[in-house]
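# Tertiary structure, described
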Amino acid sequence: MQKRGSVPPDQGSNDPSRLDACYASDETYESDTSYETANIPRSTASCKLHAETIIVGGGVIGCAIAYELTRRGHEVLLIEQNEIASGSSCAAAGMLAADSEDFTHPVIAQAALESRALLHSQKDQLSALSGMELGLRQSGFITPFRSYSELSRYKENRRSSSLTEQIWWDRNTVQREAGWLNRDTYGAYYRSLESEILPVSLTRAYVRSAHRMGAAIWEGVKDIQLIGNQLGVQGIATPKGNITCKHVIIAAGLNGETLLQQARIDLPTTPVKGEIAAIQFPADQTAYKPDRTLYAEDVYIVPKANGDVWIGATSWPGKKDHSVSAYSVQRLLGAASSWVPGIKEAHFLRAWAGVRPSTPDGLPYIGECENMPGLFTAYGHYRNGILLSAVTGRWIADMLEGKRAEEIGIEALSPNRLNRKEVVR
Ligand SMILES: Cc1cc2nc3c(=O)[nH]c(=O)nc-3n(C[C@H](O)[C@H](O)[C@H](O)COP(=O)(O)OP(=O)(O)OC[C@H]3O[C@@H](n4cnc5c(N)ncnc54)[C@H](O)[C@@H]3O)c2cc1C
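Given the structure is predicted, the values throughout are model-derived calculations rather than measurements.

## Side note on the overall build of the chain
A count of helical and extended segments in the chain gives nine helices and 19 strands. Expressed as a percentage of the 425 residues in the chain, the buried residues total 56%. For the chain, the share of sequence-separated contacts (at least 6 apart) that also reach a separation of at least 24 residues comes to 76%.

Set out below in structure tokens:
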């Protein structure tokens, strides 16, 4: 493991103003995290720091952006206040539910399909660069129904357009293909392209790959301040000193709103707490274990590459604590075992909670803030940030390279869309 603050062999620079020039100093932060690539100078007083692009936030979105930018040859500094993947990204189920989610906005519906495909195409490079297994599997999702009337109600309520790839399984097919499902199941949709991934592994693989390609990664940097005015963003102030830059990308999830308030830009988020329970099937019960994700209306059951089965998720708008209630675990396990009776014999492993970053219109804020050129937002992905990470990285990189949101087809996601209210100090 590389010691925090040491310079990787392939990371040197002769330019003293470059961030990684400071890494050679022994004056480095020590931290108790096992994350091996962070490098932060103890003091920047003797160094004039500059980065082309600063990304604020080390969740899946910030890390995907760091990966895409460094892959294209950009100079990147990613700043995380805690540890990589310590926010919403470490709580996710990791479903890439591009067909199963009821996306009503055509931009997101299309982006979800693209992003799922992009994640599959990135997998080999990410694994090779990071040395990590992502647990990415395409085993398809099953959406089951108990009766014809339940199916009819589902069809009536579904708002999204016809992008969905799916086939209908009748009762006999369900029993043949998914013998672990309740025998009373009337039928199910099977969506064969649906996939799932280990979300923390993905996030770390993105950031490790970015670091291998030259990105600087600083963890444990709290209380940053944006520096800029109507002419543009100029950098950030950290407790260790100021860093100048050309672009700042706010990928801070739920905390993006607070950071943007520093520039008097109002892009609100609402927390939506969710809880997940993990179980494991004993060796003699594996015949009753789901081998594909069950994506029902009341619960999802996701068999993961690490052998666990994750059952989620509750949804509590307005809540942002990380406690898990007995009531929620009971509800999740009750709903799950009504679909998969074998769950009653499984071992309970653990449960956790996370907070999804939701926005008033349900769309993430992605793009450049018109009142502070060079300041970009990439947050508010609500319940699909893992799925949309790859495409978000690509969008931001395209925009930094001069493409306009209209050219990419994402003007609907613009951070300037909320009544164009922003006022810069
Ligand atoms: C229970 C649950 C289940 C989910 N299931 C799925 C799923 O199956 N599929 C899916 O696609 N999505 C799922 N999601 C949603 C997904 O987890 C989020 O959309 C995604 O993780 C958001 O990523 P992010 O990088 O924007 O935010 P985060 O992961 O929260 O990362 C933001 C980071 O920014 C850092 N930060 C904040 N402020 C600062 C600052 N001032 N300075 C420096 N750093 C800062 C934070 O510490 C944090 O690490 C789920 C979420 C939950 C809670």
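## Describing the packing of aromatic side chains
Within this structure, the stated rule accounts for twelve aromatic pairs. Joined through ring pairs, the aromatic side chains of Phe145, Tyr148, Tyr154, Trp168, Tyr186 and Tyr189 make up one cluster. The aromatic ring of Trp339 is capped on one face by Arg146, whose charged end is 3.9 Å from the ring centroid. Lying across the ring of Trp316, Lys319 places its NZ or CZ 5.0 Å from the centre.

## Let's talk about the pattern of salt bridges
All told, the structure shown has 19 salt bridges when counted by the stated rule. Glu194 is the partner of Arg116 in a salt bridge, and the nearest nitrogen-oxygen pair spans 2.6 Å. Of the two residues, Arg116 is situated in helix α2 (residues 106-130) and Glu194 in the loop between β6 (187-191) and β7 (195-196); the sequence distance between them amounts to 78 residues. When the shortest N-O distance is used, the salt bridge between Arg137 and Glu196 registers 3.1 Å. In this pair, Arg137 sits in the loop between α2 and β4 (141-145) while Glu196 sits in strand β7, placing the two residues 59 residues apart along the sequence.

## Let's talk about the confidence of the model for the chain
In this model, the chain carries a mean pLDDT of 88, and residues with pLDDT of at least 70 account for 86%. Per-residue pLDDT stays below 50 along residues 1-46; that stretch engages in 91 contacts with residues further than four places along the chain or on separate chains. In the predicted structure, residues 421-425 sits below a pLDDT of 50 and forms 21 contacts with residues beyond four places in sequence or in another chain.

## As for the packing of helix α5 (residues 199-212) against helix α8 (residues 385-400)
Viewed as axis vectors pointing N to C, α5 and α8 meet at an angle of 20°, and their least axial separation amounts to 11 Å. Judged by the inter-axis angle, α5 sits roughly parallel to α8. Classified by chirality, the crossing of α8 by α5 is left-handed. Residues Pro199, Leu202 and Tyr206 of α5 pack against Ile386, Ser389 and Ala390 of α8. A breakdown of the residues in the contact of α5 with α8 according to their chemical character gives five nonpolar, one polar and no charged.

## Some words on the pairing of strand β18 (residues 365-368)
One ladder, built from four bridges, connects β18 with strand β19 (residues 375-379); its direction is antiparallel. Of the residues in β19, the one forming a bridge with Gly367 is Thr377. The turn joining β18 and β19, which pair antiparallel and follow one another in sequence, is formed by six residues; a positive phi near 95° is taken by Gly374.

## Comments concerning the environment of Ala277
Relative to the helices and strands, Ala277 is located in strand β12 (residues 270-280). Excluding residues within four positions of it along the chain, Ala277 makes contact with Val309, Trp310, Ile311, Leu332, Leu333, Phe348, Arg350 and Ala351.

## Re the nonpolar core
By size, the foremost hydrophobic cluster in this structure holds 57 residues, and its most contacted members are Ile55, Ile65, Leu202, Tyr206 and Ile249. Within the residue set of this core, elements represented by two or more residues are α1 (60-71), β2 (76-79), α2, α5, β19 and α8. Apart from the residues lying within four places of it in its own chain, the contact partners of Ile55 are Gly62, Ile65, Ala66, Leu69, Val76, Leu77, Leu78, Ile79, Ile249 and Ala251. Among the nonpolar cores identified, the runner-up in size contains 27 residues, and Ile54, Ile236, Tyr365 and Tyr379 belong to it.

## Let's talk about the site of the ligand
If you check the shell around the ligand, you find 37 residues, and the closest are Glu80, Ser89, Asn255, Tyr382 and Leu387. With respect to the ligand, the backbone of Val60 contributes an N or O atom lying 3.3 Å from an oxygen atom. Between Ile61 and the ligand, the recorded distance is 3.1 Å, taken from a backbone N or O atom to an oxygen atom. Compared with its free state, where it exposes 1,000 Å², the ligand has 97% of that area covered by protein.

## Considering α2
With 25 residues, α2 ought to run about 36 Å at 1.5 Å a step, and its terminal C-alpha atoms sit 34 Å apart, in line with that. Taken as a whole, α2 carries its principal kink of about 45° at Gln122. Following α2 by one or two positions, Gly131 has its phi on the positive side, about 70°.

## Looking at the environment of Lys344
By the element assignment, Lys344 lies in the loop between α7 (326-339) and β17 (347-358). Judged by its relative accessible area of 62%, Lys344 is exposed. In this structure, the C-alpha to C-alpha distance between Lys344 and Gly334, residues ten residues apart in sequence, is 8.9 Å.

## So, unusual backbone geometry
In this model, Gly312 is joined to Ala313 through a cis peptide bond whose omega is -20°. By secondary structure assignment, the location of Ala313 is in the loop between β15 (309-312) and β16 (316-317). We note that Asp223 has phi near 60°; this positive angle belongs to a residue other than glycine. Of note in this structure, Tyr382 is not a glycine but carries a positive phi near 50°. With respect to the helices and strands, the residue Tyr382 is situated in the loop between β19 and α8.

So, how was this worked out
Residues numbered from 1 in each chain as written. Predicted model: local features only at pLDDT ≥ 70, side-chain atom pairs only at ≥ 80, totals over all residues. Heavy atoms only, no water. Helix = DSSP H or I, 4+ residues; strand = E, 2+ residues; numbered from the N terminus. Buried < 20%, exposed > 50% of the residue type's maximum accessible area, 1.4 Å probe, protein only. Contact = heavy atoms within 4.5 Å. Phe/Tyr/Trp six-rings, centres within 6.5 Å; stacked < 30°, edge-to-face > 60°. Lys NZ or Arg CZ within 6 Å of the ring centre and 35° of its normal. Salt bridge = Lys/Arg side-chain N within 4 Å of Asp/Glu carboxyl O. pLDDT = per-residue confidence, 0-100. Axes fitted to C-alpha atoms, helices over the stretch in contact; angles between N-to-C directions. Parallel < 35°, antiparallel > 145°, perpendicular 65-115°, else oblique. Left-handed = near helix turned anticlockwise from the far one by under 90°. Nonpolar A, V, L, I, M, F, W, Y, C, P; charged D, E, K, R; others polar. Pairing = 2+ DSSP bridges. Core = buried A, V, L, I, M, F, W, Y, C linked by side-chain atoms within 4.5 Å. Near = heavy atom within 4 Å. Polar contact = N/O pair within 3.5 Å; in protein donor to acceptor, adjacent residues only side chain to side chain. Areas by Shrake-Rupley, 256 points an atom, 1.4 Å probe, with all protein chains shown as cover. Expected span 1.5 Å × (residues − 1). Bend = angle between axes of the 7 residues up to and from the residue.

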